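Here is what each chain is made of, one letter per residue.
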Amino acid sequence: MGKQSKYVSRQPDAQGIIDWSAEDNAVWHDLVERQLKIIPGKACDEYMHGLELLNLPQDRVPQLHEVNAVLERETGWQVAQVPALIPFDEFFRLLANKQFPVATFIRTREEFDYLQEPDIFHEIFGHCPLLTNPAFAHFTHKYGQLGLAATPKERVYLARLYWFTVEFGLLSTADGLRIYGGGILSSPGETEYAINSDTAERKPLKPLDALRTPYRIDIMQPIYYTIESTQQLFEIADMDIMAMVHEAMELGLFEPKFPPKPKNDAA
Ligand SMILES: [Fe+2]
């Protein structure tokens, strides 16, 4: 992280309420409306169920306490208000404490389709529905605990497992591919692409492979890893993930399936 963000999180008042502007609320509305049209038949059932439980408002940005009431009841999770960018230590400490960090800003219209920093639409609409799912919630908690105890180098490997599950994970179901990764579910372009692209590869997830697969954050993913049900996340959480991290470090990374990022665009 350590980068600059052009965004600044809005601060809650003493009651924890954030005073979103009319434009913020309008952007939220338009993002939700667009995404709700795209996800049926593409998002997994667990996600759709979580969305129903959360019952997010469409005409305004939700307040964190509204989301917390549902997460707390379902899985004991909370969302935590954070600045636009936080250090890795803080990120892992929060997850280890069943607190999902949410930067309280929303993208501008200029970045309506894509932005690199995760905004409140990505965090709440993308991730929170799955945080009502016990297997997903447990896996994310375990990841936080491991990351908190890990060295910076180990964290870089761990981050790939998170990337190919929590952010860009797909389910391979009897009805076809379904999405559970929040990075996909908060992006209309990638929601379509992850399911329908003929060029993207999809492979059954082996955690060791995911730990060794390089990724770029600024392109559609050339490869997605699939699991058969969210229940599988319980099994993965029970594996010796740190032993696999060390194995991955010894074996090294796979060849990237994407071109290198242009140097003058280094972010
Ligand atoms: Fe995310």
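Use the structure listed above.
What follows deals with the overall build of the chain. Counting its secondary structure elements, the chain contains twelve helices and six strands. A compact globule built from 267 residues should have a C-alpha radius of gyration of about 18 Å, and the chain, at 18 Å, falls within 12% of that. When the backbone C-alpha atoms are referred to their principal axes, the chain occupies close to 50 × 45 × 40 Å. Among the 267 residues that make up the chain, the fraction classed as buried is 53%. The contacts in the chain between residues at least 6 apart in sequence include a share of 67% that link residues at least 24 apart.

Turning next to the packing of helix H7 (residues 152–167) against helix H12 (residues 241–251). Helix-helix packing is described using two parameters, namely the angle between the two axes and the distance between the axes. Taken N-terminus to C-terminus, the directions of H7 and H12 make an angle of 105 degrees; their axes are 10 Å apart at the nearest point. When the interaxial angle is binned, H7 and H12 end up roughly perpendicular. The segment H7 lies against H12, with Lys153, Glu154, Tyr157, Leu158 and Leu161 engaging Ile241, Met242, Val245, His246, Ala248 and Met249. Considering only residue class, the contact of H7 with H12 consists of eight nonpolar, one polar and two charged.

Criteria and cut-off values
- Here the residue numbering is sequential within each chain, running from 1 through the sequence in written order.
- A pLDDT threshold of at least 70 governs which residues receive local features in this predicted model, and a stricter bar of 80 or more applies before side-chain atom pairs are shown or counted, although totals over entire chains, interfaces and linings include all residues.
- Values reported for side chains reflect all heavy atoms of the structure, with hydrogen atoms and water molecules removed beforehand.
- Note on conventions: DSSP H or I runs of at least 4 residues are helices, E runs of at least 2 residues are strands, and numbering of each starts at the N terminus.
- Here the radius of gyration uses the C-alpha set of atoms, whereas the globule reference equals 2.2 Å times the residue count to the power 0.38.
- Each residue is placed in one exposure class: buried if its accessible area under a 1.4 Å probe, protein chains only, is under 20% of its type's maximum, exposed if it is over 50%, and partly exposed if it falls in between.
- In what follows, a contact means two residues having at least one pair of non-hydrogen atoms within 4.5 Å.
- Only C-alpha atoms enter the line fits that serve as axes; for helices the fit covers just the stretch in contact. Angles between N-to-C directions range over 0 to 180 degrees.
- These descriptions rest on fixed angle ranges, namely under 35 degrees for roughly parallel, over 145 for roughly antiparallel, 65 to 115 for roughly perpendicular, and the rest for oblique.
- Any residue outside Ala, Val, Leu, Ile, Met, Phe, Trp, Tyr, Cys, Pro, Asp, Glu, Lys and Arg is labelled polar, Gly included; the first ten of those are nonpolar and the last four are charged.

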